[in-house]
Amino acid sequence: MDSRDMALRKEGDARGYYERCGAEAGIAGFTTIFRMFTEDETRHADALRALLNGARVELPVSKTLAGARTILRRLAVQQGSLSFTGDLASYQSAMQFEAVSARACGKLAQEAPSGWERELFLRIAADDEIHFTLLEEMRELLQVNGEEPGGMSDAG
């Protein structure tokens with residue numbers, strides 16, 4: 001399996017993972033953010049699949065950053081009212097996954113034979129970095145609201 005195939009597999013894996021995280025989040029805003037991540041990962045997988053099939057692909061800029069930041073700002077003012085039901089360790093795992101994916105796409109961009117292909121891999125890497133940052137902000141928001149890493153809230 002070459003690195004492009006592996007990148008496609010990783011995007012598909014991330015899509016399924018974020019679907020599960022969204023279902024388990026217990027916070028409507030987080031569920032929405034995970035749905036945004038799922039949509040991004042689907043766009044990435046579709047673009048990589050098209051690339052593997054020989055198509056020239058341009059990936060538009062994701063709207064996830066702006067949408068998620070709006071949600072996180074709203075949630076930040078709801079101190080103490082978040083009812084988190086998931087496992088905070090899954091956010092750390094997702095962050096690690098995004099970091100690995102961003103590095104892999106960065107490497108693929110360096111190896112890309114054409115400018116548009118390089119831009120595709122750089123766009124995916126940039127989206128993965130945005131996901132990492134948003135996951136970090138989500139995790140910090142939960143910690144501020146009394147969550148402990150790797151566990152569920154005692155409140156509620």
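Remember, it's a predicted structure, so these values are computed and weren't measured experimentally.

K.L.:
Can you break down helix H3 (residues 64-76) residue by residue, with the values?
P.N.:
Between its first and last C-alpha atoms H3 spans 18 Å; for 13 residues at 1.5 Å apiece the expected length is 18 Å, and the two agree. Residues of H3 that are buried: Thr64, Ala68, Ile71, Leu72 and Leu75. Down the axis of H3, the smallest arc covering the buried residues is 100°, so these residues share one side. Structural note: H3 exposes Ala66 and Arg73 on the side pointing more than 90 degrees away from its buried face.

K.L.:
Quick rundown of the packing of aromatic side chains? Include the residues and the values.
P.N.:
One pass over the structure, following the stated rule, counts six aromatic pairs. Measuring from centroid to centroid gives 6.0 Å for Tyr17 and Tyr18, while their planes differ by 65°, and the two rings are edge-to-face. Judged by relative accessible area, Tyr18 falls into the buried class, the value being 2%. Ring plane angle 50° and centroid distance 6.2 Å describe the contact between Phe30 and Tyr91, whose orientation is recorded as tilted. With Phe30 in helix H2 (residues 28-52) and Tyr91 in helix H4 (residues 89-111), the pair connects residues that are 61 residues apart, well separated along the chain. Grouping aromatic residues by their ring pairs yields a cluster made of Tyr17, Tyr18, Phe30, Phe34, Phe37 and Tyr91.

K.L.:
Give me the lowdown on the nonpolar core, citing residues and values where you can.
P.N.:
Core analysis: the largest hydrophobic core is formed by 24 residues, its most contacted members being Phe30, Phe34, Tyr91, Leu135 and Met138. Within the residue set of this core, elements represented by two or more residues are helix H1 (3-24), H2, H3, H4 and helix H5 (115-144). Counting residues in each nonpolar core, the second largest holds 14 residues, with Val57, Leu108, Phe121 and Ile124 among its members.

K.L.:
Could you give an account of the pattern of salt bridges, naming the residues involved and the relevant values?
P.N.:
If you walk through the whole model with that rule in mind, you get seven salt bridges. Two residues, Arg49 and Asp46, come together in a salt bridge whose shortest N-O distance is 3.0 Å. With Arg49 and Asp46 both in helix H2, this residue pair falls three residues apart, about one helical turn. With a shortest N-O distance of 4.0 Å, Arg56 and Glu58 are connected by a salt bridge. Accessibility assignment for this pair places Arg56 and Glu58 in one class, exposed. Residues joined in a network through salt bridges with shared partners are Asp40, Arg43, Arg123 and Asp127.

K.L.:
Residues and numbers for empty space enclosed by the protein, please.
P.N.:
Summed over all chains, the structure comprises one cavity of 30 Å³ or more. There is about 40 Å³ of room inside the largest cavity. Around the largest cavity sit Cys21, Glu24, Ala25, Phe84, Gly86, Asp87, Ser90 and Tyr91, which together line it. Per-class residue counts for the lining of the largest cavity are four nonpolar, two polar and two charged.

The rules behind each value
- Residues numbered from 1 in each chain as written.
- Predicted model: local features only at pLDDT ≥ 70, side-chain atom pairs only at ≥ 80, totals over all residues.
- Heavy atoms only, no water.
- Helix = DSSP H or I, 4+ residues; strand = E, 2+ residues; numbered from the N terminus.
- Expected span 1.5 Å × (residues − 1).
- Buried < 20%, exposed > 50% of the residue type's maximum accessible area, 1.4 Å probe, protein only.
- Arc of directions from axis to C-beta.
- Phe/Tyr/Trp six-rings, centres within 6.5 Å; stacked < 30°, edge-to-face > 60°.
- Core = buried A, V, L, I, M, F, W, Y, C linked by side-chain atoms within 4.5 Å.
- Salt bridge = Lys/Arg side-chain N within 4 Å of Asp/Glu carboxyl O.
- 1 Å grid on protein atoms, 1.4 Å probe; cavity = no way out; pocket = protein on both sides within 12 Å on 5 of 7 lines; lining within 4 Å.
- Points joined across faces, edges and corners; volume = space filled by probe spheres on them.
- Nonpolar A, V, L, I, M, F, W, Y, C, P; charged D, E, K, R; others polar.

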